Amino acid sequence: MTPDPAPALLGLAANPSLPPDLLDRLIALGSRVLACELAERDDLTPTQALALIALDESCAWSLAGTLDPDDLDPAAFPEAALALLNQGHGRPEWSRFLAADPDPTRRARLTDSPDLPADVQHTLSRDEDPDVVEELARVALPELAATLARHPHAAVRAGVAANPATPPSLLASLLTGDGLPPAVRCEVCEREEIPFVHDPSCPRIDCHLPPDAACDGSHQSTVRLTRLRALENPSTPASAAMPFADDPSYLLRCTLATRADLTREAAERLATSSEPGVLGELAANPAISTSLMRTFATSTDPSIRRDLANNPRVPLDVLAALAPTTKLGTTLLPRVAAASPAETETMAASPNPAVRMLVANRRDLPAPIRDALADDPDAKVVKAIAPHPGLSGARLRAMVDAHGARVAAHVASNPDAPSGVLEALATLNPARKALTKIAQHPNATAPALLACLGDAKAGRFAASHPALPPEVILELLTDHEKAEAAAANPSLPPDVMRRIADRTRGDSGRYWAQQ
């Protein structure tokens, strides 16, 4: 068994400036760990890709667009064949071969392949393993889905309920149980003597049943899963789904509360729930009425108010009222993103800094509004606007002068931050987050990067930055924490790369490079 490669070799494998001859030499080392790193490169030839899957077949999932199907034998590399089929690069006849694979896990994963031939679907529908048939049921063509809805195994019906191609009338039957013969078995009664209720704290290490698994002959936990998936399925008719607003199952009501076709009556019934999970899902649903949104805005539960703030249809006046009392972070809210120019201008001029902060999270603001928010006296507003493209170096520097380390990480996130601003930020002794942003910024210069090297996380990013001086990169090759990042630095001289490849030994676990 080949030992793991040394950190510097892993860095070389990711180095975008790696010479072609060294790429072949790294493949020839025969390391599976190194092969997985090399598989992520975008300069591999089909021959090199084939050599990598010979080392570790799982690499094929990264190499599907590079491997030549004509070079691949599915019998020798079934996992690679599966990867190519899954990503639309395989041969149709491979799916017929893999449908007979002795590994049921591989047969189940075959169902994820796009455009799976109808004859292969029918073969898999007769598979002896219900897990394979369940996975097929999730993607089966409508006619086959209709057949599988009557499958004797309850788990297969749950798969059909998740399939958006299942006919709506059949989804209604799966939801209610009407018009279908009862299932004969489920994974619970296949394994345990019924009646059986699975202990959520089950101590058996060989037990793979879900925590809520139960069967008294009616396969109740799998039936509940089938209903859950049907309610999640947008193809299920609203007429069949809405009665579940009164269902005793918390999960079913939570799921119903998310549906885009939720009726006003069902929403009002769900709103009588005392469970925050149901109410939160309901508050976030754009299908609910404005009056119900205003009711949720008065909730004493901050999580429900946050969910309402993320509703794309929440009125702006409601959102403005929520902002001062609800922690909304720096994520751009859907309603703010959709605000009209006039609404945007009104929010930016609000006397409430919490409202100004909401609109400052946009990244498409007109220059006058952007610049006005950049000059805002409130640090929270400035933090939100700081990453906005187009801000001048002078304005970014003024933000730092006015608010210091509080805005450092956000200024360093600005794609247009000039080198001088980044250098100034690095000398502020800012928090790790700011140093990490500086170390990843394309405009960072050597002085700024050197200041980042002392931080464990930021230092690894700085070690791989092409603006780092070559002599510093060489020193970092002997640093246990930063050797891999330094070896991945595209500014590393090619002759040093060759010395690393010559003198690094995976079996010793050490790395070395001579200046």
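Residues numbered from 1 in each chain as written. Predicted model: local features only at pLDDT ≥ 70, side-chain atom pairs only at ≥ 80, totals over all residues. Heavy atoms only, no water.

When the pLDDT values of the protein chain are averaged, the result is 93; 97% of them are 70 or greater. The least confident element of the protein chain, judged by mean pLDDT, is helix α36 (residues 494-503) at 88; the most confident is helix α23 (residues 334-337) at 98. Note that pLDDT drops below 50 for residues 505-515; the model gives that stretch 30 contacts with residues more than four away or on any other chain. (pLDDT = per-residue confidence, 0-100. Helix = DSSP H or I, 4+ residues; strand = E, 2+ residues; numbered from the N terminus. Contact = heavy atoms within 4.5 Å.)

Here we take up the layout of surface pockets. Taking a probe equal in size to a water molecule and rolling it over the atoms shows the remaining empty space. Within this model, the largest pocket holds a volume of roughly 340 Å³. Contributing to the lining of the largest pocket are 20 residues, with E187, P210, T222, L225 and R229 lying nearest its centre. Of all the elements in the fold, those that place two or more residues in the lining of the largest pocket are α10 (130-137), α15 (220-232) and α17 (250-256). The element that contributes the greatest number of residues to the lining of the largest pocket is α15, accounting for six residues. (1 Å grid on protein atoms, 1.4 Å probe; cavity = no way out; pocket = protein on both sides within 12 Å on 5 of 7 lines; lining within 4 Å. Points joined across faces, edges and corners; volume = space filled by probe spheres on them.)

Below, the discussion takes up the packing of helix α24 (residues 341-348) against helix α25 (residues 353-360). Interhelical geometry of α24 versus α25 gives an angle of 135° and a closest axis separation of 8 Å. Here α24 lies oblique to α25, going by the angle between them. Across the interface between the two elements, T344, M347 and A348 from α24 touch V355, R356, L358 and V359 from α25. Class assignment of the residues belonging to the contact of α24 with α25 gives a composition of five nonpolar, one polar and one charged. (Axes fitted to C-alpha atoms, helices over the stretch in contact; angles between N-to-C directions. Parallel < 35°, antiparallel > 145°, perpendicular 65-115°, else oblique. Nonpolar A, V, L, I, M, F, W, Y, C, P; charged D, E, K, R; others polar.)

Under the defined criterion, the tally for this structure stands at 32 salt bridges. Notably, a salt bridge pairs D246 with R269, separated by 2.7 Å at the nearest N-O pair. With D246 in the loop between α16 (238-241) and α17 and R269 in helix α18 (residues 264-270), this pair connects stretches of sequence that are 23 residues apart. Judged by relative accessible area, D246 falls into the exposed class, the value being 52%. For R269, a relative accessible area of 25% translates into the label partly exposed. Of the charged contacts in the structure, one is a salt bridge between R335 and E343, with a shortest N-O distance of 2.9 Å. A relative accessible area of 25% places E343 in the partly exposed class. Each of E79, D101, R106 and R109 takes part in one network of salt bridges that share partners. (Salt bridge = Lys/Arg side-chain N within 4 Å of Asp/Glu carboxyl O. Buried < 20%, exposed > 50% of the residue type's maximum accessible area, 1.4 Å probe, protein only.)

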